[in-house]
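These are the residues of each chain, in order.
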Amino acid sequence: MTDKLLTVNALGKAYRDYGTEWKRFASWVGVQVQPKVEHWALKDVSFNVAHGEAIGIVGQNGAGKSTLLKLITGTLRATSGSLAVNGRIAAILELGMGFNPDLSGRENVYHVAGLMGFSRKAIDGVIDDIEEFAEIGSYFNEPTRTYSTGMQMRVAFSTATAFRPDALIVDEALSVGDAYFQHKCFKRIREFRELGTSLLIVSHDSGAVQSLCDRALLLDGGRMVKDGDPAEIMDLYNALIAERENRTVMISKHESGRVQTVSGTREASVEQIALLNEAGDPIEFVDVGQPVVLHIKVAVREDIPRLVLGYMIKDRLGQPVFGTNTHHTGQALENVKAGQCVQFRIAFPMNLGPGSYSVSTALASSETHLVNNYEWRDLALVFSVSNMSRTRFVGTAWVPPVIETAQL
Amino acid sequence: MLLAIWRYRHFIVSSIKNDLRSRFVRSKLGAAWMILQPLAQVAIYALVLSRVLAAKLPGINNRYAYVIYLMAGMTAWSLFSELLSRSVNMFVDNGSLMKKIMFPRVCLPVIVAGSALVNNVLLLAAAIGVFLLVGHMPTAAYLWLPALFVVNVIFSLGLGLLLGVINVFVRDVAQVMTVVLQLWFWLTPVVYMPTIIPEPLKMALELNPMYHIVLSFQTVMLYGQAPHVRGLIAVGVFGLLMLGVSLLMFRRAAPEMVDVL
């Protein structure tokens, strides 16, 4: 008995095309047959998951995320390597799978829970909880064909999570459903986590990954690029998206101990970045609400038809707090010549809650860094906000209140 | 494998139930269709062929002898054809489920067998009901029927599972089988009597496993006699052998099956 819930070792999955099916049949009876085409959807992936750990899996479409999850749930069999699971895994992959449209919600719960291997008696014990959690009222006893997608998803999620599994696999499917139910889902997922359930989350939503996960894996082209801290992985993932055309990604350790990612074609780059107080002196510690100026100097190396500067303030976990760019403010620069130096002064009051923040910058030709990514720089600047002069409050935003009370 | 079936018994039972329900839940006459359809078929054959063939049934003093003969044969045949045609498609039809959810794959043939059995036991009950109406009383030989059903299921499932696995990789199998099944029906004495077959072809008939099964049903249900055990055992052994081979092949193929679904 190990303490690892999941041990994945050099896992690989190949889809094989034998040319003719006769060769495939021959391979079953033990004849050594060389497949005509072997397509490796996943190769040489190793990692492990401890009990109670939450792992995010990120990667572009076709990176092998779904294949990896299917291997873990057991619907696909690995071609090479090994995978050991130590506990029960529940997957919220395709919600509503196995539902029979002519059956009522209640009957479908019994049916699908049976498909997950639960007995009628076990379901009898939780059916009321499921009905209550789904909150679809009298529809619960109506045929599921009358359900909306969101309602179906509610019943499916309630069923899939009726029993606490040792590991829960959450796919993008969770983005279905209204905001209220999503909150409820995440609340339940968090509760499970506190009780020791491991999570495997596949998402393109950096917020979900960073707020829920302890660690993240980045897959690309069926291989594992990196296994590390969620904020670091999400930065690398963003950089990878921009790196389709063989551009460079530089990863270096920032002095704060965090990993900095710089990517881009480097026609222009941020040479200097500083946070200035009212007197124009650079500061690192900022009071809540203090007016500051973000000062950025950009060096231009080649002629650029259009230059847009974007910046993003992120919190300690790497979640965006505020970001915009000069395209949105209508201040994009046209026809910038090589050798020029451009200075940006961005003034704003520091209406953020106490904590450590970082600034990422992007130089591009339009509002996204996906078209022409001159430079993308994560952790370009790190600063701290502390509450020195305001009333005590919690949270990441400073929203000055005016409270009136009256005792009647 | 057996353990997996036992653990998933609830799923299997509820699948069989759903299967029956979903077929009829939105039709006015509901479950009655399950019986009305085959009965209508029998009625058609009886109407069309009774004049031609009725005279050739020796030793039975019932005006409805041919109808009884037909129904006995159809009971055997419909179980076989339902099992075969459904198991050929069972993996393809459940492809998306197999891709998304982990459950013992062996449940699928069990569900198909269970649901076909329920259908056909009901059909048998309807047939016996008709027999009573026309004054044809069941005899002690009817106790053979469970054994006949078992042999029928073993043979049909053995063949069906084999073809079902192959059909995942070569989809032509299902198409070919619908044609073969029709041809097979007419090569088996269900609507006609084996006596009208010319002597030289009798040998070939002996090689048709369905001939022995259908014949046993007819012997029991029409003549009220014990079936010809030797042929039945031969088919049973052959069916078991095929079931073993197909289960083995199923295990080998299972990992690759999901890849191509």
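Bear in mind that the values here come from a model prediction, so they are computed numbers and not experimental data.

A. Seen up close, the overall build of chain B. The helix and strand tally for chain B stands at 11 helices and 0 strands. Secondary structure elements of chain B, listed N to C terminal, follow the sequence α-α-α-α-α-α-α-α-α-α-α. Split into buried and exposed, the 261 residues of chain B put 39% on the buried side. In chain B, the share of contacts with a sequence separation of at least 24, taken over all contacts with a separation of at least 6, comes to 80%.

B. Region of the structure containing the overall build of chain A. Within chain A, the secondary structure is distributed over 8 helices and 20 strands. Considering chain A as a whole, with its 408 residues, one finds that 38% of them fall into the buried category. Counting contacts in chain A only where the partners sit at least 6 residues apart, residues at least 24 apart contribute 71% of the total.

C. Structural view of the interface of chain B and chain A. Chain B puts 25 residues into the contact, and the matching count from chain A is 23 residues. At the level of elements, α2 (9-24), α5 (95-100) and α11 (229-260) of chain B are the ones that each hand at least two residues to the side of chain B that touches chain A.

D. Structural view of the packing of helix α7 (residues 145-169) of chain B against α11 of chain B. Residue and element names in this part refer to chain B. Orientation of α7 relative to α11, taken along the N-to-C sense of each, is 25 degrees, at an axis distance of 7 Å. Here α7 lies roughly parallel to α11, going by the angle between them. Here α7 and α11 pass one another in a crossing that is left-handed. Looking at the contact of α7 with α11, its residues break down into 23 nonpolar, 4 polar and no charged.

E. Inspection of the confidence of the model for chain B at higher detail. Predicted confidence across chain B gives a mean pLDDT of 82, with 92% of residues reaching 70 or more. Scored as a whole, the predicted complex attains pTM 0.70, and scored at its interfaces, ipTM 0.72.

F. Fine view of the nonpolar core. Judged by nonpolar contacts, the single largest core of 166 residues is most densely connected at Ile169 and Ile201 of chain A. Counting residues per element, this core draws most heavily on helix α4 (residues 65-93) of chain B, which supplies 17 residues.

G. A look at the pairing of strand β15 (residues 304-314) of chain A. Residues and elements named next belong to chain A. Pairing of β15 with strand β17 (residues 333-336), which is carried by 3 bridges, proceeds in the antiparallel orientation. Each residue of the ladder has a partner; that of Leu307, found in β17, is Leu333. In the sheet, β15 pairs with strand β19 (residues 355-364) via 7 bridges, with the strands oriented antiparallel. Bridged to Tyr311 within β19 is Thr361. Pairing between β15 and strand β16 (residues 320-325): 5 bridges, direction antiparallel. If you follow Ile313 over to β16, its bridge partner there is Phe322. Where β15 folds back onto β16 in an antiparallel hairpin, the turn is made up of 5 residues, including Gly318, whose phi is positive at roughly 90 degrees.

H. The packing of α4 of chain B against helix α6 (residues 107-133) of chain B, seen in detail. Residues and elements named next belong to chain B. Contact pair α4 / α6: the axes reach a minimum separation of 10 Å and the direction vectors enclose 165 degrees. It follows that α4 is roughly antiparallel to α6 by the angle criterion. Crossing angle aside, the handedness with which α4 passes α6 is right-handed. Packed against α4, whose contacting residues are Ile68, Met71, Thr75, Ser78, Leu79, Glu82, Leu83, Arg86, Ser87, Met90 and Phe91, the element α6 presents Leu108, Pro109, Val112, Ala113, Ala116, Asn119, Asn120, Leu123, Leu124, Ala127, Val130 and Phe131 at the interface. Its residues placed into classes, the contact of α4 with α6 shows 16 nonpolar, 5 polar and 2 charged.

I. Expanded view of the sheet that holds strand β12 (residues 268-276) of chain A. Residues and elements named next belong to chain A. Spatially, β12-β14-β18 is the arrangement adopted by the 3 strands of the open sheet, whose pairing is antiparallel. Since the sheet does not close on itself, it has two edges, and those belong to β12 and β18 (341-349), each with one partner. Strand-to-strand twist of the sheet, defined as the mean angle between neighbouring strand axes without regard to direction, takes the value 15 degrees. Relative to strand β14 (residues 291-300), β12 is paired through 8 bridges, and the arrangement is antiparallel. By the bridge assignment, Ile273 is partnered in β14 with Ile296.

J. Highlighting the sheet that holds strand β6 (residues 167-170) of chain A. Residue and element names in this part refer to chain A. Strand order in the open sheet formed by 6 strands is β5-β6-β7-β3-β8-β9, with mixed pairing between adjacent strands. At either end of the open sheet lies a strand with only one pairing partner, and these are β5 (89-92) and β9 (223-228). Each neighbouring strand pair of the sheet contributes to a mean axis angle of 15 degrees, computed without reference to strand direction. For strand β3 (residues 54-59) and strand β8 (residues 215-220), the ladder comprises 5 bridges, and the chain directions are parallel. By the bridge assignment, Ile55 is partnered in β8 with Arg215. Docked against the sheet, helix α6 (residues 179-194) engages β3, β6 and β7 (198-202), running at close to 150 degrees with respect to β6.

K. Spatial organisation of the environment of Asn387 of chain A. Within the secondary structure, Asn387 of chain A is located in the segment after β20 (373-386). Setting aside residues no more than four positions away along its own chain, Asn387 of chain A makes contact with Val288 and Pro354 of chain A.

L. Region of the structure containing helix α3 (residues 105-115) of chain A. Counting buried residues in α3 of chain A gives 9 out of 11 residues, a clear majority hidden from the surface. Of all the residues in α3 of chain A, the buried ones are Gly105, Asn108, Val109, Tyr110, His111, Val112, Ala113, Gly114 and Leu115 of chain A. Contacts from the buried residues of α3 of chain A go to α4 (120-134) and α5 (149-160) of chain A together with α2 of chain B. Positive backbone phi, at 95 degrees, marks Gly117 of chain A, one or two positions downstream of α3 of chain A.

M. Just α6 of chain A, in detail. All names here are of chain A. The end-to-end C-alpha distance of α6, which contains 16 residues, comes to 23 Å, matching closely the 22 Å that a straight helix rising 1.5 Å per residue would cover. In the core, the buried residues of α6 are packed alongside α5, β6 and β7. Looking one or two residues past α6, Gly196 carries a phi angle of roughly 105 degrees, positive in sign.

N. Summary view of the environment of Gly221 of chain A. Residues and elements named next belong to chain A. Here Gly221 lies in the loop between β8 and β9. The exposure class assigned to Gly221 is partly exposed, which follows from the 14 C-beta atoms found within 10 Å. Sequence-wise, Gly221 and Ala63 are 158 residues apart; in three dimensions their C-alpha atoms are separated by 4.6 Å.

O. Highlighting unusual backbone geometry. All names here are of chain A. One non-glycine residue, Ala10, adopts positive backbone phi at about 50 degrees. Within the element layout of this structure, Ala10 appears in strand β1 (residues 4-17). Although it is not a glycine, Glu135 sits at a positive phi angle of roughly 50 degrees. Take Glu135: there are 15 C-beta atoms within 10 Å of it, and that puts it in the partly exposed class.

P. Quick look at the confidence of the model for chain A. Per-chain confidence: chain A averages 82 in pLDDT, with 91% of residues scoring 70 or above. Per-element confidence in chain A ranges from a low mean pLDDT of 61 for strand β10 (residues 248-253) of chain A to a high of 92 for β14 of chain A.

What counts as what
- Residues numbered from 1 in each chain as written.
- Chains lettered and ligands numbered in written order.
- Predicted model: local features only at pLDDT ≥ 70, side-chain atom pairs only at ≥ 80, totals over all residues.
- Helix = DSSP H or I, 4+ residues; strand = E, 2+ residues; numbered from the N terminus.
- Buried ≥ 20, exposed ≤ 12 C-beta atoms within 10 Å, placed from the backbone.
- Contact = placed C-beta atoms within 7 Å.
- Axes fitted to C-alpha atoms, helices over the stretch in contact; angles between N-to-C directions.
- Parallel < 35°, antiparallel > 145°, perpendicular 65-115°, else oblique.
- Left-handed = near helix turned anticlockwise from the far one by under 90°.
- Nonpolar A, V, L, I, M, F, W, Y, C, P; charged D, E, K, R; others polar.
- pLDDT = per-residue confidence, 0-100.
- Core = buried A, V, L, I, M, F, W, Y, C linked by C-beta atoms within 7 Å.
- Pairing = 2+ DSSP bridges.
- Expected span 1.5 Å × (residues − 1).

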